[in-house]
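This is what each chain is made of:
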Amino acid sequence: QVQLVESGGGLVQAGGSLRLSCGASGRTFSSYSMGWFRQAPGKEREFVAAISWSGGYTYYVDSVKGRFTISRDNAKNTVYLQMNSLKPEDTDVYYCAANFQGGIYYYILAEGSEYDYWGQGTQVTVSS
């Protein structure tokens, strides 16, 4: 059993920054790839960013490229999402997820169904 716990969400003005964290427990964190997704009520879940098990591969949705950075610290069993230059359209609940197969390809890591465990989500609200 794996538990993922997100933190770091909150209310920020447009142009501001937040850093989300996702702590993992229960299995060998360094062996699986991680992703961040977001979803608003009534909308489909959207891929945001992913990082492979080694950290050697990172992927982003086009709308956040250049603004968001995903990273991981395997010694701390934690994955991060640094979000800069936030926009009102970034307002969503953000979820982290774990891919136990250690995928490295975009077409796998951008697909929510490829993830085995999900966190409970953290709300990010960007005011204009």
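In case you missed it, the structure is sitting above this.
Residues numbered from 1 in each chain as written. Predicted model: local features only at pLDDT ≥ 70, side-chain atom pairs only at ≥ 80, totals over all residues. Heavy atoms only, no water.

Undergrad: Would you explain the environment of Ala 49 in this entry?
TA: Counting through the fold element by element, Ala 49 comes out in strand β5 (residues 46–51). By relative accessible area, Ala 49 is classed as buried at 0%. Sequence separation between Ala 49 and Thr 122 is 73 residues; the distance between their C-alpha atoms is 15 Å. The residues touching Ala 49, leaving out its near neighbours within four places in the chain, are Met 34, Gly 35, Trp 36, Tyr 59, Tyr 60, Ile 70 and Leu 81. (Helix = DSSP H or I, 4+ residues; strand = E, 2+ residues; numbered from the N terminus. Buried < 20%, exposed > 50% of the residue type's maximum accessible area, 1.4 Å probe, protein only. Contact = heavy atoms within 4.5 Å.)

Undergrad: For this particular structure, what's the right way to read unusual backbone geometry?
TA: Leaving glycine out, the prevailing phi sign among residues is negative, and the prevailing peptide bond configuration is trans. Not every positive phi belongs to a glycine, and Asn 77 is a case in point at roughly 55 degrees. Checked against the element boundaries, Asn 77 lands in the loop between β7 (68–73) and β8 (78–83). Backbone geometry at Ser 85 places phi at a positive 50 degrees, although glycine is not the residue there. Its place among the elements puts Ser 85 in the loop between β8 and β9 (92–99). Classification of Ser 85 by relative accessible area gives partly exposed; the value is 40%.

Undergrad: I keep staring at the nonpolar core and nothing clicks. Help me out?
TA: Where a protein is soluble and globular, its nonpolar side chains tend to be buried together. In this structure, Met 34, Trp 36, Leu 81, Met 83 and Tyr 94 are the most contacted members of the largest nonpolar core, which totals 37 residues. The element that contributes the greatest number of residues to this core is β5, accounting for five residues. (Core = buried A, V, L, I, M, F, W, Y, C linked by side-chain atoms within 4.5 Å.)

Undergrad: Looking at this structure, I do not really get the pattern of salt bridges. What am I missing?
TA: Pairing is possible between side chains of opposite charge, provided their charged atoms come close. This structure, assessed with the given rule, holds five salt bridges. Across the salt bridge formed by Arg 38 and Asp 92, the nearest N and O atoms sit 3.8 Å from each other. In this pair, Arg 38 is assigned in strand β4 (residues 33–39) and Asp 92 in strand β9, connecting sequence segments 54 residues apart. Across the salt bridge formed by Arg 67 and Asp 90, the nearest N and O atoms sit 2.8 Å from each other. In this pair, Arg 67 sits in the loop between β6 (58–60) and β7 while Asp 90 sits in the loop between β8 and β9, placing the two residues 23 residues apart along the sequence. Each member of the pair, Arg 67 together with Asp 90, is buried. Each of Arg 38, Glu 46, Arg 67, Asp 90 and Asp 92 takes part in one network of salt bridges that share partners. (Salt bridge = Lys/Arg side-chain N within 4 Å of Asp/Glu carboxyl O.)

By themselves, these figures tell us nothing about what the structure is for.
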